[in-house]
Amino acid sequence: MRALAIAQPNIALIKYWGKRDTQKNLPAVGSQSITLDSLWTTMDVEFAAELAADTLQVNGSDSPAMLPRLSRCLDRVAGTDRAPARILSECNFPIAAGLASSASSFAALVVAADAALAQGNDTLTLARSAGAASGSAARSLYAGFVELRTGETDIDLEQLAAPADWPLEVIVAVTHAGAKPVSSGDAMIRSANTSPFYARWVDEQDADLNVGREAIEARDFARLAEVAEHNCLKMHSVMWTSRPSIVYWNHVTLVCMQTVRELRDKGHAVFFTIDAGPQVKAVCLPGDADAVARALADVDGVVEVMRTGLGDGARVVTAT
Ligand code: PMV
């Protein structure tokens, strides 16, 4: 009745922004991502009839705020008649700061719950359960390059390439480690309701996904760089033009973007992407990672630089 699972966050190259169905949390658009390696979240889930209710500790402290979402996610995997769960989570990077901690959390949670109950669900079923909690979490069930396709009734996922097929590196420049001002879920709904660019964003997504898929298949870094930066800036344009506007960036975010552009002008294979937070993720070829990490660490206001390769999907560590 107890299992420990680990999952890594993923970073979207072609972004998910907007919901087709807010009840089922179905995305309005498909997305493509890379699963990271050295950032991780573990979830230790124990179902125990003697508990009065679910409990959650994150990094050793009680953490009631996130518990209702985790409880609902456990209900989806284990059924609403399940025993209460004791959840112990560890995370080695800042939480709720635009570093996809919800993706690794829900991916690890569904895998741990499934293993604790020895249910034997397949990866797609678990990915759909994680995706119902946090759309991007579904992608963290898979290793390397991942595509999420959206349909009328549910999502589908496919691994486009394994980490070893194209071992890109990611340098994360943390520009502010605090929690984000608006959750991505609320922000997406606001964008869909108010941004004049939202419909166009949705219309153009399939074209960007096609280019992303071709670039990954061909290991064409320049093509991937161009479409990923364009797609990221389109998503943030939708956010900026929502009412009230949603701006996750700070001035250091902009300096990091410019630093990445300058590195590229000097011949380095690197591009930036940014999610619902002020952190800049620089994706590069392995031979360029040292120079990119050095340049971003030198930017005034960058509080931390993390470096990672591509990694595995969520998996069980121990089950008893
Ligand atoms: O999965 P959510 O609800 O946290 O939304 C994630 C949205 C972005 O990170 C901004 C983009 C993405 O595709 O991951």
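Above this text you will find the structure in question.
Residues numbered from 1 in each chain as written. Predicted model: local features only at pLDDT ≥ 70, side-chain atom pairs only at ≥ 80, totals over all residues. Heavy atoms only, no water.

Trainee: Is there a simple way to think about the site of the ligand in this case?
Mentor: What surrounds the ligand is a group of 14 residues, the closest being Tyr16, Ser134, Ser136, Arg139 and Ser184. In this structure, Ser136 approaches the ligand through a side-chain N or O atom, which is 2.6 Å from an oxygen atom. Within the side chain of Ser184, a nitrogen or oxygen atom sits 3.0 Å from an oxygen atom of the ligand. Relative to its free-state accessible area of 380 Å², the ligand is covered by the protein chains to the extent of 92%. Here the shell around the ligand is built from residues that sort into six nonpolar, five polar and three charged. (Near = heavy atom within 4 Å. Polar contact = N/O pair within 3.5 Å; in protein donor to acceptor, adjacent residues only side chain to side chain. Areas by Shrake-Rupley, 256 points an atom, 1.4 Å probe, with all protein chains shown as cover. Nonpolar A, V, L, I, M, F, W, Y, C, P; charged D, E, K, R; others polar.)

Trainee: Mind showing me how you'd approach the pattern of salt bridges here?
Mentor: Between side chains of opposite charge, a pair can form when the charged atoms approach closely. Applying the stated criterion to the full structure yields 20 salt bridges. We note a salt bridge from Arg82 to Asp54, for which the minimum N-O separation is 2.7 Å. Of this pair, Arg82 sits in the loop between helix H1 (67-78) and strand E9 (85-91) while Asp54 is found in the loop between strand E6 (41-47) and strand E7 (55-58), placing the two residues 28 residues apart along the sequence. Across the pair, Asp54 and Arg82 agree in class, each one buried. The network of salt bridges with shared partners includes Arg2, Asp44, Glu46 and Arg86. (Salt bridge = Lys/Arg side-chain N within 4 Å of Asp/Glu carboxyl O. Helix = DSSP H or I, 4+ residues; strand = E, 2+ residues; numbered from the N terminus. Buried < 20%, exposed > 50% of the residue type's maximum accessible area, 1.4 Å probe, protein only.)

Trainee: What am I meant to see in the environment of Ala113 here?
Mentor: Note on placement: Ala113 falls in helix H2 (residues 101-116). When near neighbours in sequence (up to four residues on either side) are disregarded, Ala113 contacts Val45, Phe47, Leu74 and Val77. (Contact = heavy atoms within 4.5 Å.)

Trainee: How should the sheet that holds strand E12 (residues 169-174) be read in this particular structure?
Mentor: Taken together, four strands build an open sheet; the order of strands is E13-E14-E12-E15 and the sheet is antiparallel. Of all the strands in the sheet, the pair left with one neighbour each is strand E13 (270-273) and strand E15 (304-308). For this sheet the average axis-to-axis angle between neighbouring strands, irrespective of direction, equals 20°. Docked against the sheet, helix H7 (residues 251-265) engages E12, E13 and strand E14 (280-284), running at close to 160° with respect to E13. (Pairing = 2+ DSSP bridges. Axes fitted to C-alpha atoms, helices over the stretch in contact; angles between N-to-C directions.)

Trainee: I tried to follow the sheet that holds strand E10 (residues 145-150) on my own but got confused; where do I start?
Mentor: Within a sheet, each strand pairs with its neighbour through backbone hydrogen bonds, oriented either parallel or antiparallel. Here we have four strands laid out as an open sheet, ordered E2-E5-E10-E11, and antiparallel in their pairing. One side of each edge strand has no neighbouring strand; the edge strands of this open sheet are strand E2 (10-14) and strand E11 (155-161). Across this sheet, the average inter-strand angle for adjacent strands is 30°, counted without regard to direction. As paired strands, strand E5 (residues 31-35) and E10 are joined by four bridges and run antiparallel to one another. Considered in E10, the bridge of Ile34 is made with Phe145. Packed on one face of the sheet, helix H5 (residues 198-218) meets E2, E5, E10 and E11 and runs near 40° to E5.

Trainee: For this particular structure, what's the right way to read the packing of H1 against H2?
Mentor: Between two packed helices, the angle of one axis relative to the other and the distance separating the axes together describe the packing. Taken N-terminus to C-terminus, the directions of H1 and H2 make an angle of 40°; their axes are 10 Å apart at the nearest point. For the element pair H1 / H2, the angle class is oblique. Along this stretch, H1 crosses H2, giving a crossing that reads as right-handed. Mapping the contact onto sequence places Arg69, Leu70, Cys73, Leu74 and Val77 in H1 and Phe106, Leu109, Val110, Ala113 and Asp114 in H2. Counted by class, the contact of H1 with H2 contains eight nonpolar, no polar and two charged residues. (Parallel < 35°, antiparallel > 145°, perpendicular 65-115°, else oblique. Left-handed = near helix turned anticlockwise from the far one by under 90°.)

Trainee: Help me understand the layout of surface pockets in this model?
Mentor: Estimates place the volume of the largest pocket at around 1100 Å³. Arg69, Ser102, Ser134, Ser184 and Gly185 are, among the 43 residues lining the largest pocket, the residues nearest its centre. When contributions to the lining of the largest pocket are tallied by element, the ones reaching two or more residues are E2, H1, H2, helix H3 (123-133) and helix H4 (184-194). It is H4 that provides the largest number of residues to the lining of the largest pocket, a total of five residues. Here the residues of the lining of the largest pocket sort into 18 nonpolar, 14 polar and eleven charged. Of the volumes computed, that of the second largest pocket is approximately 160 Å³. (1 Å grid on protein atoms, 1.4 Å probe; cavity = no way out; pocket = protein on both sides within 12 Å on 5 of 7 lines; lining within 4 Å. Points joined across faces, edges and corners; volume = space filled by probe spheres on them.)

Trainee: Is there a simple way to explain the nonpolar core in this structure?
Mentor: The nonpolar side chains of a soluble globular protein tend to be buried with one another. Ranked by internal contacts, the top residues of the largest apolar core, which has 41 residues, are Val45, Ile87, Leu109 and Leu141. If we skip the residues at most four places from it in the chain, Leu141 touches Ala107, Val110, Val111, Thr123, Leu126, Ala127, Ala130, Gly313 and Ala314. Core analysis: the second largest hydrophobic core is formed by 36 residues, Ile171, Ala173, Met239 and Ala289 among them. (Core = buried A, V, L, I, M, F, W, Y, C linked by side-chain atoms within 4.5 Å.)

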